[in-house]
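Each chain is listed here by its residues.
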Amino acid sequence: MAQPEYLRIAADLRRRISSGEFGPGDQIPTLPALCAEYGGVSETTIRNALRLLANEGLIETRARAGTRVRPRPPIHRMAADRYRTTPGAKSTPYTKDQGIGWSEYRLDKRFEQVPASPELAALFECEVGERLLARHFVFHDNDQPTQMSTSYVRWSDVAGTPVSDPIHEPWPGGTRAQMASLGITVKRITESFSAGMPTELEAATLRIGSGVPVLRYTRRHISDTGRIVEVAHPIVRRGDTTIVDFVIDLDD
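Bear in mind that the values here come from a model prediction, so they are computed numbers and not experimental data. (Residues numbered from 1 in each chain as written. Predicted model: local features only at pLDDT ≥ 70, side-chain atom pairs only at ≥ 80, totals over all residues. Heavy atoms only, no water.)

A. Looking closely at the overall build of the protein. The helix and strand inventory of the protein stands at eight helices and 10 strands. Principal-axis analysis of the C-alpha atoms places the extent of the protein at approximately 70 × 45 × 35 Å. Across the 252 residues in the protein, those meeting the buried criterion constitute 44%. With 32 positive and 32 negative side-chain charges, the protein shows a separation of 3 Å between the mean positions of the two kinds. (Helix = DSSP H or I, 4+ residues; strand = E, 2+ residues; numbered from the N terminus. Buried < 20%, exposed > 50% of the residue type's maximum accessible area, 1.4 Å probe, protein only. Lys, Arg positive; Asp, Glu negative; His and termini not counted. Charge placed at Lys NZ, Arg CZ, Asp CG, Glu CD.)

Take a look at the structure:
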C-alpha cells in the first residue's frame with residue numbers, strides 16, 4: 001500500500017531538519033513554495049505534513065512570523081544522587097537535574113487539602129480518606145516549563161507548619177529538607193517510571209507538541225521508621241530530552 005503523500009513529505013522535512021538544512025529558528029518555506037518543491041501537491045497535503053511535525057514539537061507557526069524550526073531543548077540527565085543534600089547549597093533535586101542556579105529557577109504552586117483516594121492510600125499505605133495536602137507544582141528553567149507534579153504529604157504531619165504554606169516554596173533542599181524541619185528523617189526514596197503520550201493538560205503546561213512523549217514517574221519519601229511521608233504522583237517531564245541515570249553497586 002502506497003504511503004500517503006503528506007507522510008512522505010513530513011519524513012523528508014524531518015530529515016532536512018535533522019541534518020541541519022533547516023536549523024533552529026530557520027523559517028520553513030511558504031505553502032506555495034513547498035507545494036511547488038514537492039511536485040505540485042495541494043496546500044492541504046502540505047498543511048497535514050506540517051501539522052504532523054508541529055505535533056512532534058519540531059516546528060511552530062506564529063502569526064505574522066511564519067513557520068519556523070523550534071529550538072531543540074537541551075538533554076537533561078537525572079542523576080542517581082540528585083537527592084543527596086549539599087550542606088549550605090541553595091538547591092533542590094530539580095535544580096540539580098537542570099544544572100541551573102537558584103536565580104534561574106521559578107516554581108508555580110497551588111495547595112489544597114484532599115482525601116486520600118484508593119490509589120493514593122495504596123501508595124501511602126494509609127486509610128482511604130486520610131487527609132492529605134496536595135501541592136501542585138510547575139517547575140520552570142529560565143521561564144521554560146520543564147516539569148510538573150503533584151506532591152502529597154500527610155496533613156497530620158504538616159498542619160500549622162511552614163511546610164503547609166506555599167509562600168515558603170521553593171524550599172531549599174526540597175522535600176527531604178522539609179521533612180527534616182518537621183523532625184522526620186528520610187532514609188529511602190523510591191521511584192517508578194513509565195512513558196507515554198501527553199494529555200492535553202500536560203502538553204499545554206509543558207508547551208510541547210501532542211506527539212512528544214512524556215516521562216511520568218511516582219516518587220515516595222520513606223522515613224527511618226518505614227513510614228511513607230510523601231508521594232509525588234505523577235512527576236511529568238518531556239521524554240525526548242530526559243535521560244535517567246542509575247548506578248548499581250554490586251558486591252563481589
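B. Expanded view of a nonpolar patch on the surface. Taken together, the side chains of Phe-246, Ile-248 and Leu-250 present a nonpolar region at the surface, about 420 Å² in accessible area. Of note, Leu-250 is situated in the segment after strand S10 (242-244). Judged by its relative accessible area of 71%, Leu-250 falls in the exposed class. (Patch = residues over 30% accessible without salt bridge, like charges linked within 9 Å, V, L, I, M, F, W, Y side chains within 5 Å. Areas by Shrake-Rupley, 256 points an atom, 1.4 Å probe, with all protein chains shown as cover. Salt bridge = Lys/Arg side-chain N within 4 Å of Asp/Glu carboxyl O.)

C. Local environment of the pairing of strand S5 (residues 131-141). Counting buried positions along S5 gives 10 out of 11 residues, so the element sits mostly inside the fold. Two elements, strand S4 (residues 105-115) and S5, share 11 bridges in a ladder whose sense is antiparallel. Among the inter-strand pairings, Arg-110 is bridged to a residue of S5, identified as His-136. Here S5 pairs with strand S6 (residues 144-154) via 10 bridges, running antiparallel. Residue Ala-134 lies in a different strand from S6, and its bridge partner there is Tyr-152. In sequence, S5 turns back onto S6 through a hairpin of two residues, with Asn-142 there showing a positive phi of about 50°. (Pairing = 2+ DSSP bridges.)

D. Just the sheet that holds strand S7 (residues 186-196), in detail. Strand order in the open sheet formed by six strands is S4-S5-S6-S9-S8-S7, and the pairing between neighbours is antiparallel. The open sheet terminates on both sides in strands that have one partner only, identified here as S4 and S7. Geometrically, the sheet is characterised by an average inter-axis angle of 15° between neighbouring strands, direction not taken into account. Packed onto the sheet, helix H7 (residues 174-181) meets S5, S6, S7, strand S8 (214-223) and strand S9 (228-238) and runs at close to 20° relative to S8. (Axes fitted to C-alpha atoms, helices over the stretch in contact; angles between N-to-C directions. Contact = heavy atoms within 4.5 Å.)

E. A look at the pattern of salt bridges. Following the criterion strictly, the structure yields 20 salt bridges and no others. Across the pair Arg-16 and Glu-37 runs a salt bridge whose closest N-O atoms are separated by 2.7 Å. Linking Arg-16 in helix H1 (residues 5-19) with Glu-37 in helix H2 (residues 31-37), this pair joins segments that are 21 residues apart in sequence. Take Arg-16: its relative accessible area is 8%, and that puts it in the buried class. Looking at Glu-37, the relative accessible area reads 41%, which means it is partly exposed. Linked through salt bridges whose partners overlap, the residues forming this network are Asp-12, Arg-15, Arg-16, Glu-21 and Glu-37.

F. Fine view of the nonpolar core. If you look at the biggest cluster of nonpolar residues, it comprises 18 residues, and the most contacted ones within it are Leu-13, Ile-46 and Leu-50. For this core, the secondary-structure elements that each account for two or more residues are H1, H2 and helix H3 (43-55). Not counting the four nearest positions on each side in its chain, Ile-46 is found in contact with Ile-9, Leu-31, Leu-34, Cys-35, Tyr-38 and Val-41. In terms of nonpolar packing, the next biggest core, distinct from the first, is built from 17 residues, Val-153, Val-163, Met-179 and Val-186 among them. (Core = buried A, V, L, I, M, F, W, Y, C linked by side-chain atoms within 4.5 Å.)

G. Inspection of H1 at higher detail. With 15 residues, H1 extends 21 Å from end C-alpha to end C-alpha; this agrees with the ideal 21 Å at 1.5 Å per step. Every buried residue of H1 is accounted for by Ile-9, Ala-10, Leu-13, Arg-16 and Ile-17. In an axial view of H1, the angular spread of the buried residues amounts to 125°, which keeps them on one side of the axis. Away from its buried face by more than 90 degrees, H1 exposes Ser-18 and Ser-19. On its buried side, H1 packs onto H2, H3, strand S1 (59-62) and strand S2 (66-69). (Expected span 1.5 Å × (residues − 1). Arc of directions from axis to C-beta.)

H. Representation of the packing of aromatic side chains within the structure. Evaluation of the coordinates by the stated rule reveals eight aromatic pairs. Taking 6.5 Å as the distance between ring centres and 0° as the angle between the ring planes, the aromatic pair formed by Tyr-105 and Phe-139 counts as stacked. With Tyr-105 in strand S4 and Phe-139 in strand S5, this residue pair connects regions lying 34 residues apart in the sequence. Here Tyr-105 and Phe-139 have matching classes, each one buried. Taking 6.1 Å as the distance between ring centres and 85° as the angle between the ring planes, the aromatic pair formed by Phe-193 and Phe-246 counts as edge-to-face. Taken together, the residues span a long stretch of sequence, with Phe-193 in strand S7 and Phe-246 in the segment after S10 at a distance of 53 residues. (Phe/Tyr/Trp six-rings, centres within 6.5 Å; stacked < 30°, edge-to-face > 60°.)

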